[in-house]
Amino acid sequence: MARILLVICGGIAAYKALELIRRLREKGHEVPAILTEAATRFVTPLSVGALSNAPVLTDLFDLDREREIGHIRLARAADIVVVAPATADIMARMATGRADDLATAALLATGAPILLAPAMNPHMWAHPATARNVARLVADGVRLVGPEAGEMAERGEAGIGRLAEPAAILAAIEDILAPDRRLEGRHVVVTSGPTHEAIDPVRYIANRSSGKQGHAIAAAAARAGARVTLVSGPVTIPTPPGVTLRAVESARDMLAAVEAALPADIAVMAAAVADWHVEAAAQKLKKTASGPPALTLSENPDILATISRSASRPRLVVGFAAETENVIAHARAKLARKGCDWILANDVSAGVFGEAENTVHLITADRVEDWPRLSKEDVGARLVNRIAETLAD
Ligand SMILES: Cc1cc2nc3c(=O)[nH]c(=O)nc-3n(C[C@H](O)[C@H](O)[C@H](O)COP(=O)(O)O)c2cc1C
């Protein structure tokens, strides 16, 4: 159990701090909170206090509160200070060492690690001033979780700026409080995302993979101390911290990048690799009176099978099987056919591509583990945990 000082700022995502408090309390943590003046416009100290059952402070100059629990003592007694949501404004004030309200005074006074979960409009996040402040804070040792890509509260706005999901914030907090370094000294290669198979210089065939699952696995492996090479097809999500990205387009590029990344201890092949490529035209195909062109498809290399049988095969090779029926039987057959060690099989008939959650089965040579429906971050953490257990045997 830890004492987590939660600073809530004045952003539209402030309501999600309530869900975070609930989850932290479920884990047995103590969660005193500070609301900025602006935060009180979005959530009330009453609802925060009702969920946290701990002190909620808003005013630096509240004499009664200050006598009861001084802001310096509050800051010093925390095991970690979490700012969620962190506004552009508080990051600017932190980056310049301001202490003009209770939140920034506590952030300046604490000796505990600080975790920021930024949330703002994508234009605010992309602004050079914000980027400068974030870089300054990271250089000062502040940790970040998110922001994530997605739809904004403002209608029609999308981009990077959404508050990280409570589960991801929780995982980041737990990682700071008790870092798991079981993959220290290991090299993990993860593939992620779709592949793009060119038809001509401007057109391509792709699939609906978002890369969320592969990226979450890469992030979890990096958190566990591994050196991670993430070979990713074109995606719109950010590269997880501490991961080396090799950006590729086609399946053939992906195989070459994976082979170049070897040797590795572990390979997790989570990318949705196209089975075929097109005999691409050198020039843009023109619309003609004789009708649409015929596309000639050729087989792509099988990355999972190639790596599983390569001379520099990693000790543990994990594949993915997206199935729409007979999930386990098909995945078992795939395990044998490809020569990999494990398959994570998911039923994609219910729509998994681009979703935040996943229901998977871990299939090994001798057993099947049915995992509950989990966030893709939790699937990543659970897989990395199983990998660490297996390598320790
Ligand atoms: C409706 C509304 C939504 C806002 N949402 C955000 C947001 O998501 N992120 C952000 O950085 N600022 C947002 N702001 C601006 C902040 O509230 C403003 O910068 C404020 O000074 C932040 O104060 P604080 O950092 O002390 O909490 C929003 C303002 C309004 C009126």
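Residues numbered from 1 in each chain as written. Predicted model: local features only at pLDDT ≥ 70, side-chain atom pairs only at ≥ 80, totals over all residues. Heavy atoms only, no water.

Relative orientation of the contacting elements helix 10 (residues 212-223) and helix 14 (residues 376-392) amounts to 45 degrees, with a least axis distance of 8 Å. Here helix 10 lies oblique to helix 14, going by the angle between them. Our pair here, helix 10 against helix 14, has a crossing hand that is right-handed. Residues K212, Q213, A216, I217, A220 and A221 of helix 10 form the contact with helix 14, whose own contacting residues are K376, E377, V379, G380, A381, L383 and V384. When its residues are assigned to classes, the contact of helix 10 with helix 14 shows eight nonpolar, two polar and three charged. (Axes fitted to C-alpha atoms, helices over the stretch in contact; angles between N-to-C directions. Helix = DSSP H or I, 4+ residues; strand = E, 2+ residues; numbered from the N terminus. Parallel < 35°, antiparallel > 145°, perpendicular 65-115°, else oblique. Left-handed = near helix turned anticlockwise from the far one by under 90°. Contact = heavy atoms within 4.5 Å. Nonpolar A, V, L, I, M, F, W, Y, C, P; charged D, E, K, R; others polar.)

Per the domain assignment, the segments making up the protein are domain 1 (4-177) and domain 2 (187-392). Taking only C-alpha atoms, the centre of domain 1 and the centre of domain 2 are 35 Å apart. Counting residues at the interface gives six residues for domain 1, matched by six residues for domain 2. By the criterion of area lost to domain 2, the three top residues of domain 1 are A149, A167 and D175, representing 47% of everything that side buries. One can count zero salt bridges joining domain 1 with domain 2. Viewed at the interface, domain 2 and domain 1 are joined by zero residue pairs in polar contact (both at pLDDT 80 or more). Elements with a contribution of two residues or more to the side of domain 1 that touches domain 2: strand 7 (148-151) and helix 9 (166-177). (Domains from an automatic or database assignment. Buried area = accessible area lost by both parts, 1.4 Å probe. Salt bridge = Lys/Arg side-chain N within 4 Å of Asp/Glu carboxyl O. Polar contact = N/O pair within 3.5 Å; in protein donor to acceptor, adjacent residues only side chain to side chain.)

Once that is clear, we can look at the pattern of salt bridges. When charged atoms on two side chains of opposite charge get close, those side chains can pair. Overall, the coordinates contain 20 salt bridges when judged by the stated rule. We note a salt bridge from K27 to E174, for which the minimum N-O separation is 3.9 Å. A residue pair is termed long-range when its members are at least 10 positions apart, and K27 in the loop between helix 1 (16-26) and strand 2 (33-35) and E174 in helix 9 qualify at 147 residues. Here D140 makes a salt bridge to R136, at a shortest N to O gap of 2.9 Å. Classification of R136 as partly exposed rests on a relative accessible area of 43%. (Buried < 20%, exposed > 50% of the residue type's maximum accessible area, 1.4 Å probe, protein only.)

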